[in-house]
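Each chain, written out:
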Amino acid sequence: MLTELRSHLDAFIAAADEGSFSAAARQLGLTPAAVSKSVAQLEARLGVRLFQRSTRSLALTTDGERLYGQVRVPWREISDALTELRQGAGKPAGTLKVALAHTVGREYVVPLLAEFIRRYPDVVPDLHFDNRRSEEHTSELQSRLHL
């Protein structure tokens, strides 16, 4: 239902912006018939006419102007936010807490930190260096890194 409403609002706003179903269709990558149908479904759902249609022009009705004025800016902001969210999906983010021996951290991890931060800017490293059992940590890390 939300996806359907989203496509209806996209069609309505694009048609109002462009002043025609054909131009809106080009903008949205749809056919003019699909845009017209989507707007008609929105009108049916709301129970009002949003456009005055003729063979040569497309104009907003009073109800259409009111809806357009109320939803255009917030809808663009919501659409932009959703697009931005989708583009960031799957990217590592958050705090990465790591506890390791001081020597291991200094010799193996710290030299890699700048590249890691460049590559994963949304990850915040939280490193904790602990000198207890440093030989044990060093040998374990070396075996994992095949050193």
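Everything discussed here concerns the structure shown above.
Residues numbered from 1 in each chain as written. Predicted model: local features only at pLDDT ≥ 70, side-chain atom pairs only at ≥ 80, totals over all residues. Heavy atoms only, no water.

Trainee: Got a minute to help me understand helix α3 (residues 32-46) in this structure?
Mentor: Given 3.6 residues per helical turn, the α-helix brings residues three or four places apart onto the same face. In this model α3 runs 21 Å from its N-terminal to its C-terminal C-alpha over 15 residues, within 8% of the 21 Å that 1.5 Å per residue would give. Backbone geometry just after α3 places glycine 47 at a positive phi near 75°. (Helix = DSSP H or I, 4+ residues; strand = E, 2+ residues; numbered from the N terminus. Expected span 1.5 Å × (residues − 1).)

Trainee: I'm lost on the nonpolar core in this one. Help?
Mentor: Taken as a class, soluble globular proteins show a tendency for nonpolar side chains to be buried jointly. Of all hydrophobic cores here, the largest spans 20 residues; its most connected members are Phe12, Phe21 and Phe51. Taken together, the elements giving at least two residues each to this core come down to α1 (2-18), α2 (21-28), α3 and α4 (62-88). No other element matches the 7 residues that α1 contributes to this core. (Core = buried A, V, L, I, M, F, W, Y, C linked by side-chain atoms within 4.5 Å. Buried < 20%, exposed > 50% of the residue type's maximum accessible area, 1.4 Å probe, protein only.)

Trainee: When you look at a nonpolar patch on the surface in this model, what are you seeing that I'm missing?
Mentor: A cluster of nonpolar side chains, Ile78, Leu82 and Leu85, forms an exposed patch at the surface whose accessible area comes to about 270 Å². Note that isoleucine 78 resides in helix α4. Judged by its relative accessible area of 41%, isoleucine 78 is partly exposed. (Patch = residues over 30% accessible without salt bridge, like charges linked within 9 Å, V, L, I, M, F, W, Y side chains within 5 Å. Areas by Shrake-Rupley, 256 points an atom, 1.4 Å probe, with all protein chains shown as cover. Salt bridge = Lys/Arg side-chain N within 4 Å of Asp/Glu carboxyl O.)

Trainee: Would you take a moment to explain the packing of α2 against α3 for this structure?
Mentor: A pair of packed helices can be characterised by two numbers: the angle between their axes and the separation between those axes. Put simply, α2 and α3 touch, their axes get as near as 8 Å, and they point 105° apart. By the criterion of interaxial angle, the relationship of α2 to α3 is roughly perpendicular. Along the contact surface, α2 presents Phe21, Ser22, Ala24, Ala25 and Leu28, while α3 presents Pro32, Val35, Ser36 and Val39. In terms of residue class, the contact of α2 with α3 is built from 7 nonpolar, 2 polar and no charged. (Axes fitted to C-alpha atoms, helices over the stretch in contact; angles between N-to-C directions. Parallel < 35°, antiparallel > 145°, perpendicular 65-115°, else oblique. Contact = heavy atoms within 4.5 Å. Nonpolar A, V, L, I, M, F, W, Y, C, P; charged D, E, K, R; others polar.)

Trainee: Is there a simple way to think about the packing of aromatic side chains in this case?
Mentor: Aromatic rings considered in pairs are described by the distance between their centres and by the relative angle of their planes. Under the criterion given, the structure shown has 4 aromatic pairs. Ring pairs connect the aromatic residues Phe12, Phe21, Phe51 and Tyr68, which therefore count as one cluster. (Phe/Tyr/Trp six-rings, centres within 6.5 Å; stacked < 30°, edge-to-face > 60°.)

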